[in-house]
Amino acid sequence: MASDRPSFPTRRAQAERNRAKILDAARSAFAGEGSEVSMAEISRRAGVGMATLYRNFPGRRELLEALYIDEIDALCDAARTIEGDTPRAAFITWLRLVLAFVPNKRAIVSELLEHTDHDDPLLHDNRARALDAGRPLLSAAQQANQIREDLNFDQIVQMINAIAKIAADPDYLEPMFQTLLDGLHPPETQKSAS
């Protein structure tokens, strides 16, 4: 006689879907409302019960940590798989992802810092992991003489962070970001473009 209970693979797949729904709902909520969003609201947006939420994430900190790691994983995966017609195009495409990531990260990290400190390995190690993933893209573009060599990776990321920290609509930020991208051309390319 067959059991009415779902099989283990089916339960596992449902658990993974629930976890993904919770992370998606939390990502959206934190991007819009930041620390004002409650766990109950995240549960409601995800369409799961509170027990399911807490089974996946025993507390707010665990949810924030999972969101942060998920975002870092996406940046790292993109750095490995991103395509472009040129090494510069691939690097620029990845930088656009970094620019989009910063505002989401800010809300998540600022609340995480309420539960931990700046030296927490979770924050430090994952930031380093994301930066390490992007470095080969810059190296390839610099070796192809498509990005100026007098800027290092940290300088470029700091400029992107500065632009992303401006509280403004993406349409307002785009010309600033484009100016940064224009400035990444090697100096001889800039002179010939004038």
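Residues numbered from 1 in each chain as written. Predicted model: local features only at pLDDT ≥ 70, side-chain atom pairs only at ≥ 80, totals over all residues. Heavy atoms only, no water.

Novice: Let's hear about the nonpolar core: which residues, and what values?
Specialist: Among the nonpolar cores identified, the biggest contains 57 residues, and Ile42, Leu63, Tyr68, Phe91, Trp94, Leu95 and Leu184 are the most heavily contacted of them. Where this core is concerned, the elements lending two or more residues are helix 1 (8–33), helix 2 (39–46), helix 4 (60–81), helix 5 (87–115), helix 6 (121–143), helix 7 (153–164) and helix 8 (170–183). The element that contributes the greatest number of residues to this core is helix 5, accounting for twelve residues. (Core = buried A, V, L, I, M, F, W, Y, C linked by side-chain atoms within 4.5 Å. Buried < 20%, exposed > 50% of the residue type's maximum accessible area, 1.4 Å probe, protein only. Helix = DSSP H or I, 4+ residues; strand = E, 2+ residues; numbered from the N terminus.)

Novice: Which residues make up helix 6, and what values do they have?
Specialist: Over its 23 residues, helix 6 extends 32 Å from the first C-alpha to the last, a length consistent with the 33 Å expected when each residue adds 1.5 Å. Of all the bends found along helix 6, the most pronounced is centred on glycine 134 and spans about 25 degrees, while proline 136, a proline, follows it within four residues. When we look at burial in helix 6, the residues that qualify are Leu122, Leu123, Asn126, Ala130, Leu131, Ala133, Gly134, Leu137, Leu138, Ala141 and Gln142. Phi for asparagine 145, located one or two positions after helix 6, is positive at around 60 degrees. (Expected span 1.5 Å × (residues − 1). Bend = angle between axes of the 7 residues up to and from the residue.)

Novice: Could you give an account of the packing of aromatic side chains, naming the residues involved and the relevant values?
Specialist: Summed over the entire model, instances satisfying the criterion amount to two aromatic pairs. Here the aromatic rings of phenylalanine 91 and phenylalanine 153 are separated by 6.3 Å at their centres, their planes lie at 50 degrees, and the arrangement is tilted. With phenylalanine 91 in helix 5 and phenylalanine 153 in helix 7, this pair connects stretches of sequence that are 62 residues apart. The same class applies to phenylalanine 91 as to phenylalanine 153, namely buried. Here a set of aromatic residues connected by ring pairs shows up, and it is made of Phe91, Trp94 and Phe153. (Phe/Tyr/Trp six-rings, centres within 6.5 Å; stacked < 30°, edge-to-face > 60°.)

Novice: With reference to specific residues and values, describe the pattern of salt bridges.
Specialist: Enumeration according to the criterion identifies 13 salt bridges in this entry. For arginine 45, the salt bridge goes to glutamate 41, with nearest N and O atoms at 2.8 Å. Here the residue arginine 45 and the residue glutamate 41 both occupy positions in helix 2, the gap between them amounting to four residues, near one helical turn. For arginine 45, a relative accessible area of 33% translates into the label partly exposed. (Salt bridge = Lys/Arg side-chain N within 4 Å of Asp/Glu carboxyl O.)

Novice: Describe the packing of helix 4 against helix 6, listing the residues and the values that go with them.
Specialist: At their nearest, the axes of helix 4 and helix 6 sit 8 Å apart, and the two run at 15 degrees to each other. On the basis of their axis angle, the class for helix 4 and helix 6 is roughly parallel. Between helix 4 and helix 6 the crossing geometry is left-handed. Contacts between helix 4 and helix 6 involve Glu65, Tyr68, Ile69, Ile72, Asp73, Leu75, Cys76 and Ala79 from the first element and Leu122, Leu123, Asn126, Arg127, Arg129, Ala130, Ala133, Gly134 and Leu137 from the second. (Axes fitted to C-alpha atoms, helices over the stretch in contact; angles between N-to-C directions. Parallel < 35°, antiparallel > 145°, perpendicular 65-115°, else oblique. Left-handed = near helix turned anticlockwise from the far one by under 90°. Contact = heavy atoms within 4.5 Å.)

Novice: Break down the environment of isoleucine 156 for me, citing the residues and quoting the values.
Specialist: Turning to its location among the elements, isoleucine 156 is positioned in helix 7. For isoleucine 156, a relative accessible area of 0% puts it in the buried group. Counting along the chain gives 18 residues from isoleucine 156 to leucine 138, while the straight-line C-alpha distance between them is 9.7 Å. Other than its neighbours up to four places away in sequence, isoleucine 156 contacts Phe91, Leu95, Leu138, Leu151 and Leu184.

Novice: How would you summarise the packing of helix 7 against helix 8 if you had to cite specific residues and measurements?
Specialist: One can describe the packing of helix 7 onto helix 8 by two numbers: an axis separation of 10 Å at closest approach and a directional angle of 165 degrees. In terms of orientation, helix 7 and helix 8 fall into the roughly antiparallel class. Here the hand of the crossing between helix 7 and helix 8 comes out right-handed. Taken together, the residues of helix 8 that come into contact with helix 7 (itself represented by Met159, Ile160 and Ile163) are Leu173, Met176, Phe177 and Leu180. Looking at the contact of helix 7 with helix 8, its residues break down into seven nonpolar, no polar and no charged. (Nonpolar A, V, L, I, M, F, W, Y, C, P; charged D, E, K, R; others polar.)

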